[in-house]
Amino acid sequence: MCFNWKNMDESRSREELSLGEISRIADNFKGLHSLVLSGGEPFLRDDLHKIVSEFHKRTPVQQVSIPTNLFCDGAPERIKEMALQHPNVLFRVLISIDGIGEDHDIIRGHKGGFAKLMANLERTIVYRREIRNLSLSSITVLSSFNSEKIRPTIDFAKGLEIDDARILYVRGDTREPEAKDVSLDQYRQCLEYAEQSTMRRDRTGSFYDNLINCVSLVAKEEIARPAGSGRLTRRCNAGAKLIVISETGEVLPCETLPRKLGDLRDHDYSVASIMKTDRAKDVLGFIRTGKCACSMDCNSAVSNVVYSPFLYPRVLKKYVSLRRSGHVSTI
């Protein structure tokens, strides 16, 4: 199951951005504070650590998130290297766990993948114990393939020595259309079941990390309403406060809206230059007027909460509630 399969298939005929090109993008991206290195599988790039270094040198980035299946050999050591090399940056590693054992392998289409995942996770957990700027989370995508076993999967993730266990709602144009045959009510029930495991006492202890997790919880609550009504309950900041850059340099407002803003290779690797074009303005106008709604409960949803002051009281209330119940540290 994959959300990004069409973009991946279409981009195979084009050359990936080189490290030099990525450096030029970073040079023109002075206001970047949060960077997500996604895929596909980000650890397939041998120069992943160099990409992080380029953005760290050229932007004020404070957080780097890396979603991964954790199948790649040597991934734990590469995570350790990046976190130690940049001690003032919070590294959030988001590990896909869509089932237990063979169930995970079937969903991921990778025989033996769960065994690789657990072996690599064991080593990563050892490193995390000594590295305060490293946070580990599990990500479970609720779909028709695992909906009947979702609670045991959440319980399994809760038993791991990680910071939190998260649920995502299957979204976008999946390779297997039947993956989306799961109800919004099931998603809401999973959110309620998983919420108390989203904060744990033995986490990194960072107030910033804890607060961002509370933002994520509020974001998930927010997306449940437009996902069911077909209308957004708040302004979407996709394209304005968040963009997606493909491995070939195409710029999109988010993962789910298939309307390209432009191509960095055609604009001297400047996002600002792309945003001035009529094409980009048309797409942003489409988003701003509320003509799209989605269930993307990851980066764009979090961005929408961060830039919506009227939601801050809910975030603070959730933080206080979880702290009182002992699910966040007081460090």
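Rules used throughout
- Residues numbered from 1 in each chain as written.
- Predicted model: local features only at pLDDT ≥ 70, side-chain atom pairs only at ≥ 80, totals over all residues.
- Heavy atoms only, no water.
- Salt bridge = Lys/Arg side-chain N within 4 Å of Asp/Glu carboxyl O.
- Helix = DSSP H or I, 4+ residues; strand = E, 2+ residues; numbered from the N terminus.
- Buried < 20%, exposed > 50% of the residue type's maximum accessible area, 1.4 Å probe, protein only.
- Pairing = 2+ DSSP bridges.
- Axes fitted to C-alpha atoms, helices over the stretch in contact; angles between N-to-C directions.
- Contact = heavy atoms within 4.5 Å.

(A) Fine view of the pattern of salt bridges. Within the structure shown, the criterion is met by 16 salt bridges. A salt bridge links Glu 77 to Arg 123, with the nearest nitrogen and oxygen atoms 3.0 Å apart. Taken together, the residues span a long stretch of sequence, with Glu 77 in helix H4 (residues 75–85) and Arg 123 in helix H6 (residues 113–128) at a distance of 46 residues. Residue classification places Glu 77 among the partly exposed residues on the basis of a relative accessible area of 31%. A residue is classified by how much of its surface remains accessible, and Arg 123, at 31% relative accessible area, is partly exposed. Here Lys 260 makes a salt bridge to Glu 250, at a shortest N to O gap of 3.0 Å. Placement of the pair is Lys 260 in the loop between strand E7 (250–252) and strand E8 (262–263) and Glu 250 in strand E7, with a sequence separation of 10 residues.

(B) Main features of the sheet that holds strand E1 (residues 34–36). In spatial order, the strands read E1-E2-E3-E4-E5; together these 5 strands make up an open sheet with parallel pairing. Each end of this open sheet is capped by a strand with a single partner; those strands are E1 and strand E5 (164–169). Direction aside, neighbouring strands of the sheet carry axes that sit 25° apart on average. Inspection of the sheet shows strand E2 (residues 63–68) paired to strand E3 (residues 90–96) by 6 bridges, in the parallel sense. Across the sheet, residue Thr 68 finds its bridge partner in E3, namely Ile 95. The strands touched by H6 within the sheet are E3 and strand E4 (134–142), with E4 carrying the most contacts at an inclination of about 150°.

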